[in-house]
Amino acid sequence: MHVVVNAAQSVDGKLATRRREQLRISGSEDFDRVDRVRAAADAVLVGVGTVLADDPHLTLDEEDRRVERLRNGRPGDPARVVVDSTGRTPTDARILDDAATTYLLVSAATDRDRREALADAGAEVIVAGEERVDVDEGFEKLANRGVDRLMVEGGGEVIFSCFEAGVVDELHVYVGSLVIGGRDAPTLADGAGFTERFPDLTLAGTERLDDGIVLSYEVEEAGDGES
Ligand SMILES: NC(=O)c1ccc[n+]([C@@H]2O[C@H](COP(=O)([O-])OP(=O)(O)OC[C@H]3O[C@@H](n4cnc5c(N)ncnc54)[C@H](OP(=O)(O)O)[C@@H]3O)[C@@H](O)[C@H]2O)c1
């Protein structure tokens, strides 16, 4: 599976404010770029933290792109994926509506009743991991369902876990011209952090869009994680 991480951050590396409220970091040119990356993906993934903070829908903005996908025999919108160990996704979350397939990656810690409630609300529930969602196992199960190209949109906890698991192939970061600050504000990669070995990035391109810049990297190796 090919994994593309895409996020927008401030110059000081924050994805949102310390209140974890959604913030407009980029502009219309970058929204269009993100829509294009989404349209190329089989599925778009977020963590449950992002679902609870932003209630995203994650479907395509441009009808032309939906039509093009349908013409190519694909679903109009990419599938949506939530990484959610205990099934905290609200049953009325927008991501569970019938606009596209939604996979909920949960761990064995989500009890049967909760799994059933989420399935009734529209999710296809996939169990991967014991206490926390196991990224490797979850992605393998997504691949078995035909997800060849996965876009990871955040937030910082999930992006870190993807780097730690060594599953990231490309990273695209939009750097907007603002300073958010706050030691508790989410950053591009939170989690436990790396200490000695860091993911191996190669700068593959830069593009100026709106009042900011997109940095594109190819990613080779995983970092050392908590070990
Ligand atoms: N600027 C951007 O591009 C952008 C994009 C997305 C989000 N955001 C912002 O980011 C913030 C949310 O980010 P976040 O870091 O708090 O949350 P997140 O990364 O969206 O979700 C983290 C949660 O996912 C669950 N999870 C399950 N398995 C996991 C695993 N293996 N690794 C990591 N997480 C796992 C955990 O909750 P459980 O333990 O309950 O499973 C964890 O707390 C919001 O403020 C949102 O606005 C910004």
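Residues numbered from 1 in each chain as written. Predicted model: local features only at pLDDT ≥ 70, side-chain atom pairs only at ≥ 80, totals over all residues. Heavy atoms only, no water.

**Student:** How should the overall build of the chain be read in this particular structure?
**Tutor:** Tallying secondary structure elements over the chain gives 6 helices and 9 strands in all. Over its C-alpha atoms the chain spans a radius of gyration of 17 Å, differing by no more than 12% from the 17 Å that the globule rule assigns to 227 residues. Oriented by its inertia axes, the alpha-carbon framework of the chain measures out at about 45 × 45 × 35 Å. Within the chain, buried positions represent 49% of all 227 residues. A separation of at least 24 residues holds for 68% of the contacts in the chain among residues at least 6 apart in sequence. Accessible surface computed for the chain: about 11,300 Å², of which carbon and sulfur atoms make up 43%. (Helix = DSSP H or I, 4+ residues; strand = E, 2+ residues; numbered from the N terminus. Rg over C-alpha atoms; globule rule 2.2 N^0.38 Å. Buried < 20%, exposed > 50% of the residue type's maximum accessible area, 1.4 Å probe, protein only. Contact = heavy atoms within 4.5 Å. Areas by Shrake-Rupley, 256 points an atom, 1.4 Å probe, with all protein chains shown as cover.)

**Student:** What exactly am I supposed to notice about helix 6 (residues 156-165) here?
**Tutor:** Residues that lie three or four places apart on an α-helix share one face, since the helix turns once every 3.6 residues. The element helix 6 is largely enclosed, with a buried count of 7 among its 10 residues. Where helix 6 is concerned, the buried positions are Gly156, Val158, Ile159, Phe160, Ser161, Cys162 and Phe163. Positive backbone phi, approximately 75°, marks Gly166, located one or two places after helix 6.

**Student:** What is the right way to read the environment of Leu45 from this model?
**Tutor:** Looking at where Leu45 falls in the secondary structure, it is placed in strand 2 (residues 43-47). For Leu45, a relative accessible area of 0% gives the class buried. Separated by 10 residues in sequence, Leu45 and Asp55 have C-alpha atoms that sit 13 Å apart. Contact partners of Leu45, with chain neighbours within four places excluded, come to Val81, Val83, Phe139, Leu150, Met151, Val152, Glu153, Gly154 and Val158.

**Student:** Just checking my understanding: could you explain the site of the ligand for this structure?
**Tutor:** In the vicinity of the ligand lie 27 residues, with Ala8, Arg20, Thr50, Ser85 and Ser161 positioned nearest. At a separation of 2.9 Å, an oxygen atom of the ligand approaches a polar backbone atom of Gly155. Notes on the ligand: free accessible area 910 Å², of which the protein chains cover 86%. Of all the secondary-structure elements, those providing two or more residues to the shell around the ligand are strand 1 (2-10), helix 2 (48-54), strand 6 (149-154) and helix 6. (Near = heavy atom within 4 Å. Polar contact = N/O pair within 3.5 Å; in protein donor to acceptor, adjacent residues only side chain to side chain.)

**Student:** For this particular structure, what's the right way to read the nonpolar core?
**Tutor:** Soluble globular proteins tend to bury their nonpolar side chains together. Core analysis: the largest hydrophobic core is formed by 33 residues, its most contacted members being Leu45, Val81, Phe139, Leu142, Leu150, Val152 and Leu171. The greatest single-element share of this core, amounting to 5 residues, is contributed by helix 6. Sequence-distant contacts of Leu150, that is, excluding residues within four places in its chain, are made with Met1, His2, Val3, Val4, Ala43, Val44, Leu45, Val81 and Phe139. Ranked by size, the runner-up nonpolar core spans 18 residues in total, among them Val51, Leu58, Ala123 and Met151. (Core = buried A, V, L, I, M, F, W, Y, C linked by side-chain atoms within 4.5 Å.)

**Student:** Can you walk me through unusual backbone geometry in this structure?
**Tutor:** Most peptide bonds take the trans configuration, and most residues that are not glycine carry a negative phi. The residue after Gly154, namely Gly155, is reached through a cis peptide bond having omega -5°. Phi at Arg20 is positive, roughly 60°, even though this residue is not glycine. Positionally, Arg20 belongs in the loop between strand 1 and helix 1 (28-40). Judged by its relative accessible area of 44%, Arg20 falls in the partly exposed class. Positive phi is not limited to glycine here, since Leu58 has a value of about 65°. On the secondary structure map, Leu58 appears in the loop between helix 2 and helix 3 (63-71).

**Student:** Looking at this structure, I do not really get the pattern of salt bridges. What am I missing?
**Tutor:** Pairs may arise between side chains of opposite charge once their charged atoms sit close together. Summed over all chains, the structure comprises 13 salt bridges. In this structure, Glu124 and Arg145 form a salt bridge, with 2.9 Å as the shortest nitrogen-oxygen distance. Pair noted here: Glu124 is in strand 5 (residues 123-127) and Arg145 is in the loop between helix 5 (135-144) and strand 6, with a separation of 21 residues, a long-range link. The exposure class of Arg145 is partly exposed, given its relative accessible area of 37%. The salt bridge involving Asp211 is made with Arg208; its shortest N-O contact spans 3.9 Å. Exposure class is identical for Asp211 and Arg208. Each is exposed. (Salt bridge = Lys/Arg side-chain N within 4 Å of Asp/Glu carboxyl O.)

**Student:** What is the right way to look at the sheet that holds strand 5 in this model?
**Tutor:** In any sheet, the strands associate via hydrogen bonds between backbone groups, in a parallel or an antiparallel arrangement. One open sheet holds the 9 strands; their spatial order is 5-4-3-2-6-1-7-9-8, and the pairing between them is mixed. Of all the strands in the sheet, the pair left with one neighbour each is strand 5 and strand 8 (201-209). The average angle at which neighbouring strand axes cross in this sheet is 20°, direction not considered. Relative to strand 3 (residues 79-83), strand 2 is paired through 5 bridges, and the arrangement is parallel. Opposite Gly47, over in strand 3, you have Val83 as the bridge partner. Of the strands in this sheet, strand 4 (102-106) and strand 5 are in contact with helix 4 (residues 112-120), which crosses strand 5 at around 145°. Against the sheet, helix 6 touches strand 1, strand 2, strand 3, strand 6, strand 7 (170-176), strand 8 and strand 9 (212-219), its axis set at about 135° to strand 6. (Pairing = 2+ DSSP bridges. Axes fitted to C-alpha atoms, helices over the stretch in contact; angles between N-to-C directions.)

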